[in-house]
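What follows is the residue order along each chain.
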Amino acid sequence: MGNHGISGNTRDVTINTENRYGVINATGGAIRIYYSKDKIELADIVRKGSSGKLIFKDSCSISCMAINVNNSFSFLPKGTRYTAIYLESSTDRDDCEQTIAENYEVKLDNGTNSNISGNYVGGNMAVRIRRELSTRSVFNATGRTLRVYCDSEKMQSGNIVIKGREGGKLAFKEDCSIPYISILPDDSFHFEGEGMNYASIYLEGSGNECQKTISENYEVPVDKSFIVTADLSIKFQSDKAETWEDEDGITHGQKS
């Protein structure tokens, strides 16, 4: 993140998914991923509109997720084997701007990287899917969704959150240029390489609401993983224990 792994308009990010897979959207646009344990019938997903452009079918029964811009992060559900990946139109999200991959098979080899590339607005389009288990991770044991911004240098909170109009509640800035990752309850994210020095950690609310600031510019340990607990404190992971156990021997989250 930040200056990590940037080459042209691509970003290489390693994700700790505990036998699940994560996707970083580095296309500069919104992507739509259809996923299944079986091969996908592509005719069930898109159709040609009256203008000849591809349109996503409203009646599609195949599960899908949308990943917006700003290099946001999402997990592929367990059991996923095949994916069909499309770029949504910037003017109408029901329109398919470009096909990135059809029936892309998720590989289960540990540490194997898979790239899908194509050209879009003069830049390089890339979706990287990787499985990686190692130290230097953050584990979300809060029971709620975390949003974690990462950069190589300390971040200004005013570049991330602003006071909203309703009741002065905090909201995430939509034009923030700092990449972030949304981490679901009982999931995790792995930090790796340059550009992962600092993390600002927040609780996500509904819409774009920031429910609470947990830590700003937390210095990511070089060789330690940490757990964000249910009481929103940060605990170091035990060196000898299961993933969700802290140095005091307490296991956190639903996996306890």
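Scroll up a little and you will see the structure.
We now turn to the structure provided with this report. Being a predicted model, the structure only gives us computed values, none of them experimental. (Residues numbered from 1 in each chain as written. Predicted model: local features only at pLDDT ≥ 70, side-chain atom pairs only at ≥ 80, totals over all residues. Heavy atoms only, no water.)

**What to know about the overall build of the protein chain**
- Within the protein chain one finds zero helices and 22 strands.
- The 256 residues of the protein chain split such that 51% are buried.
- When contacts within the protein chain are restricted to residue pairs at least 6 apart in sequence, long-range pairs at least 24 apart make up 64% of them.
- Approximately 12,700 Å² of the protein chain is accessible, and the part contributed by carbon and sulfur atoms is 41%. (Helix = DSSP H or I, 4+ residues; strand = E, 2+ residues; numbered from the N terminus. Buried < 20%, exposed > 50% of the residue type's maximum accessible area, 1.4 Å probe, protein only. Contact = heavy atoms within 4.5 Å. Areas by Shrake-Rupley, 256 points an atom, 1.4 Å probe, with all protein chains shown as cover.)

**Overview of the nonpolar core**
- Counting 17 residues, the largest nonpolar core has Leu146, Val148 and Phe191 as its most contacted members.
- Counting only elements with at least two residues in this core, the list comes to β14 (146–151), β17 (180–183), β19 (198–204), β20 (210–219) and β21 (226–228).
- When neighbours within four sequence positions are excluded, Leu146 is seen to be in contact with Asn140, Ile181, Ser182, Ile183, Ile201, Tyr202, Leu203, Glu204, Ile214 and Val228. (Core = buried A, V, L, I, M, F, W, Y, C linked by side-chain atoms within 4.5 Å.)

**Brief notes about unusual backbone geometry**
- In this structure, Asn217 is a non-glycine residue whose phi angle is positive, near 55°.
- Residue placement: Asn217 occurs in strand β20.
- Even without being glycine, Leu232 reaches a positive phi, approximately 70°.
- Looking at the element boundaries, Leu232 is found in the loop between β21 and β22 (234–236).

**Quick word on the sheet that holds β20**
- The four strands are arranged β17-β14-β19-β20 in an open sheet whose pairing can be described as antiparallel. In the strand order of this sheet, the two ends are held by β17 and β20, each with one partner. Between one strand axis and the next, the sheet turns by 20° as a mean value, whatever way the strands run.
- As paired elements, β19 and β20 share six bridges and run antiparallel to each other. Within the sheet, the bridge partner assigned to Ile201 lies in β20 and is Ser215. (Pairing = 2+ DSSP bridges. Axes fitted to C-alpha atoms, helices over the stretch in contact; angles between N-to-C directions.)

**So, the pairing of strand β4 (residues 31–36)**
- Counted residue by residue, β4 has five buried out of six residues, so it is predominantly covered.
- As defined by bridge partners, β4 adjoins strand β7 (residues 64–67) across four bridges and the pair is classed as antiparallel. Looking at the pairing, Ile33 lines up with Met65 of β7.
- Relative to strand β9 (residues 82–88), β4 runs antiparallel, the two being bridged by six bridges. Opposite Ile33, over in β9, you have Ile85 as the bridge partner.

**Structural notes on the side chain of Thr229**
- Among the secondary structure elements, Thr229 is positioned in the loop between β21 and β22.
- By relative accessible area, Thr229 is classed as buried at 2%.
- A polar contact is formed between the side chain of Thr229 and the side chain of Asp231, at a distance of 2.3 Å.
- Within the local environment of Thr229, its side chain forms a polar contact with the side chain of Ser233, the two groups lying 2.7 Å apart.
- With sequence-adjacent residues up to four places away left out, Thr229 is seen in contact with Ala141, Thr142, Lys235 and His252. (Polar contact = N/O pair within 3.5 Å; in protein donor to acceptor, adjacent residues only side chain to side chain.)

In short, shape yes, function no, at least from these values alone.
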